[in-house]
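# An overview of the molecular structure
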Amino acid sequence: MQSSRAALESWVAVGRVAPPADPRRLRGSGARLARVTEGDDLVSRAAQGDERAFRALFRAHRSDVTRLVHRMLGRSNDVEDVVQEAWVQVHRCIKDFRYQARFSTWLYRVTVNVVLMHRRAARSRPTLVEAPPTLVTRDRAPLPDEQVARGARLEAFTRLLERLSEKKRTVFVLHDLEGVAPTDIAEIVGAPVLTVRTRLFYARRELAAMMHEEPTLAALVAELEASGSSAAARRPESEVT
Amino acid sequence: MSNESARIRALRQLTEEARQAPSPKLDWDALEERLFTAEPGLTLARVTPSRARWALLAAAAAAVVAGGVGLRGGAPSQPSAAVSEPNHPRVFGPAGAALDGAALIEGDRVLAGDAPVVVSEPGRATWTLAPHGSATLVDAGRFRTVRLEAGAISVAVVPKLAPESFAIEVGHTRVAAHGTRFTVKRAGERAEVTLEEGVVAVGASADRGRTRGFVMRAPSTGRFSLDGAKLGEVNGPPADSLEAARAGAEDERAATPAATPRPPKSTGPSARPEPDAARPDVPDAVALERGAARVMALVEECFSKGTAAPRGVAISARVSLSFSVLPSGEVAALTAEPPLSPEVQACSERELSGPLFAASRRGATITRTLHLAR
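None of the values given here were measured: they were computed from a predicted structure.

### Quick notes on the overall build of chain A
Looking only at helices and strands, chain A has ten helices and zero strands in total. The linear arrangement of helices and strands in chain A, starting from the amino end, is α-α-α-α-α-α-α-α-α-α. The buried share of chain A, reckoned over its 241 residues, is 37%.

Take a look at the structure:
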């Protein structure tokens, strides 16, 4: 248990999947965050009502906002609506941006708030449209295509994410998926850094614990366990030889 | 290797896969269009300095498409009254007696000479600019708005559940119609509103589409300053505040009671009476849900009836349905995003006439997601 706890806490230090603490060093999709121009002329012009500047900001960061909304909303079909609402809020509030935080942090905070508001509103109304979650039946036959398998795993993973509390899911998405540093997350969610780390730890632990409830993920765990066991079993032989 | 360790490895792998998963591709052009131009009252187009540039672009595009402005019922020479100068507002009149309002674009100005000018906008409103009056179309979008610079305008608005489908602004005072016949007259530094039929909300013009302030019910007359404040008494029946039906929609898009209405201004013995004290402050939650279900059922029925589908073809749509419950229990301002077809919208508005909710003092705003299938 001690070792797994350490593993959950030291995620950042672990190899290629570790989200770097500094968003500027992010790879892949998260790297786009680094292009957020901090406190630059564009932001100040947009804050003064320059529509062209705001359009430029919109075009520069719409993908970042969309990605975050998509990851936080999960399977919802409301991504486009929420993205639009987020930008409306950004427009309304940008004049209040005081450069006390980086623009990227502020933008994420606005987006997170809009998503959380949307989720709260969605909870309070009858859901007449959501199809029941696609049940992934256990299929022991080999998957025909790795892409299909990956898609099924992501579906299942999304379902698990939705079961986390808002606070834990927000921190998990921001840190592990978006690669935002804990100090920035603390600003975004308005909580101490220590609290952010605690939420992250418990989010990971809960996700790991829930995996057996999703057949696709349980199969992945079993596969990794088997490969780990066989590797361990092979190790003495290789040492002998 | 323990099972727990395998789970952690699996979680790392999943996290990595989720990080690499592509984001949904949105229709950026459409989104940008909606944000910047389509709903000026709600969104970004309130940035007025730059908005003029976009309006000019729209004007240029409209001019190309329409090939000019058609006049209705007037002499052939009347179109020449329009001064079409690129990058400049077009001016109509004072020769014209009738104008096709659908051909007007934002920034167009209408002047009346010795005779009134009648501007017809089919399906929306007909407005008449009194002799020697001057008005400018300042919003040609969803919340069509005409600014009255001089004189008087009489308006007959086609009843609609959509909020503020037509409004007149005088200075910074906004008179927003909710299915109405009314007249607005600019008299120096005040606006005089005469309401013959329906309801208007009069308030500051800052928020198009969500006018807050004083609600007049017909028949009544009232005077207002040019910044939206009521001057003296409004002669007419008491009116509940429409704020309750408007506020809160922005922050809480759920079935929540709307924001606290502004207390009625007490101006002595003649102040308008308080709303019926026997009414609950907000509708009962259970009744709200029941009513909301009924509204959704009616809209579904209209969708089913008003949507043509070839045999064997299933049509489905997912919409976010918003509407206000007025203190009287009537449904108002029914909007859907994405919008319903005109037939379905019209059917829904027809079906939703009359009180569907219990009367309350503050009303409510309700948003629901609806899955329509045919």
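### Overview of the confidence of the model for chain A
Residues and elements named next belong to chain A. For chain A, per-residue confidence averages 74 on the pLDDT scale, and 67% of positions sit at 70 or higher. With pLDDT under 50 throughout, residues 126-142 is counted as low confidence; its partners more than four residues away or in other chains account for 18 contacts. Contacts for the low-pLDDT stretch residues 237-241, under 50 throughout, to residues beyond four places or in other chains number zero contacts.

### Brief notes about the packing of helix H7 (residues 166-177) of chain A against helix H8 (residues 182-189) of chain A
All names here are of chain A. Axis separation between H7 and H8 bottoms out at 10 Å; the angle between their running directions is 140°. One element, H7, and the other, H8, form an angle in the oblique class. The element H7 and its partner H8 pack so that their crossing is right-handed. Two secondary-structure elements touch here, H7 through Thr170, Val171, Leu174 and His175 and H8 through Pro182, Ile185, Ile188 and Val189. Tallied by class, the residues present in the contact of H7 with H8 amount to six nonpolar, two polar and no charged.

### Some remarks on the nonpolar core
A general trend in soluble globular proteins is that nonpolar side chains are found buried together. Among the nonpolar cores identified, the biggest contains 60 residues, and Val69, Val82, Ala86, Val171 and Ile185 of chain A together with Ala10 of chain B are the most heavily contacted of them. Among the elements that make up this core, the one with the highest residue count is helix H3 (residues 51-73) of chain A (nine residues). Leave out the neighbours within four places in its chain, and Val82 of chain A touches Val69, Leu73, Val114, Val115 and His118 of chain A. Counting 43 residues, the second largest nonpolar core, distinct from the first, contains Leu104, Leu111, Phe143 and Val202 of chain B.

### Remarks on the packing of H3 of chain A against helix H4 (residues 79-93) of chain A
Residue and element names in this part refer to chain A. Where H3 meets H4, the closest approach of the two axes is 9 Å, and the angle between their N-to-C directions is 135°. The angle between H3 and H4 falls in the class oblique. Two packed elements cross with a definite hand, and for H3 against H4 that hand is right-handed. When H3 is examined against H4, the residues Phe54, Phe58, Val65, Thr66, Val69, His70 and Leu73 are found in contact with a partner set consisting of Val79, Val82, Val83, Ala86, Trp87 and His91. Of the residues that constitute the contact of H3 with H4, the class distribution is ten nonpolar, three polar and no charged.

### A short note on H3 of chain A
All names here are of chain A. Over its 23 residues, H3 extends only 29 Å from the first C-alpha to the last, a length that falls short of the 33 Å expected when each residue adds 1.5 Å. At His61, H3 shows its largest bend, some 50°. Just past H3, the residue Gly74 takes up positive phi, approximately 70°.

### Describing the pairing of strand E9 (residues 166-170) of chain B
Residues and elements named next belong to chain B. Taken across its five residues, E9 has five buried, putting it largely inside the fold. With burial as the criterion, each face of E9 is covered, one bearing Phe166, Ile168 and Val170 and the other bearing Ala167 and Glu169. Pairing geometry for E9 and strand E10 (residues 173-177), over four bridges, is antiparallel. Directly across from Glu169, in E10, lies its bridge partner Arg174. From the end of E9 to the start of E10, which pair antiparallel, there are two residues, and Gly171 there has a positive phi angle of about 60°.

### Considering helix H9 (residues 193-210) of chain A
Residues and elements named next belong to chain A. Taking 1.5 Å per residue, 18 residues should reach 26 Å; H9 reaches 26 Å between its end C-alpha atoms and fits that length. Within H9, the full set of buried residues consists of Val196, Arg199, Leu200, Ala203, Arg204, Leu207 and Ala208. Mapping the buried residues of H9 onto a view down its axis gives an arc of 165°, with all of them on the same face.

### Notes on unusual backbone geometry
The residue His132 of chain B is not glycine, and still its phi comes out positive at about 65°. The residue His132 of chain B is located in the loop between strand E5 (125-129) and strand E6 (134-139) in this model.

What counts, and at which threshold
Residues numbered from 1 in each chain as written. Chains lettered and ligands numbered in written order. Predicted model: local features only at pLDDT ≥ 70, side-chain atom pairs only at ≥ 80, totals over all residues. Helix = DSSP H or I, 4+ residues; strand = E, 2+ residues; numbered from the N terminus. Buried ≥ 20, exposed ≤ 12 C-beta atoms within 10 Å, placed from the backbone. pLDDT = per-residue confidence, 0-100. Contact = placed C-beta atoms within 7 Å. Axes fitted to C-alpha atoms, helices over the stretch in contact; angles between N-to-C directions. Parallel < 35°, antiparallel > 145°, perpendicular 65-115°, else oblique. Left-handed = near helix turned anticlockwise from the far one by under 90°. Nonpolar A, V, L, I, M, F, W, Y, C, P; charged D, E, K, R; others polar. Core = buried A, V, L, I, M, F, W, Y, C linked by C-beta atoms within 7 Å. Expected span 1.5 Å × (residues − 1). Bend = angle between axes of the 7 residues up to and from the residue. Pairing = 2+ DSSP bridges. Arc of directions from axis to C-beta.

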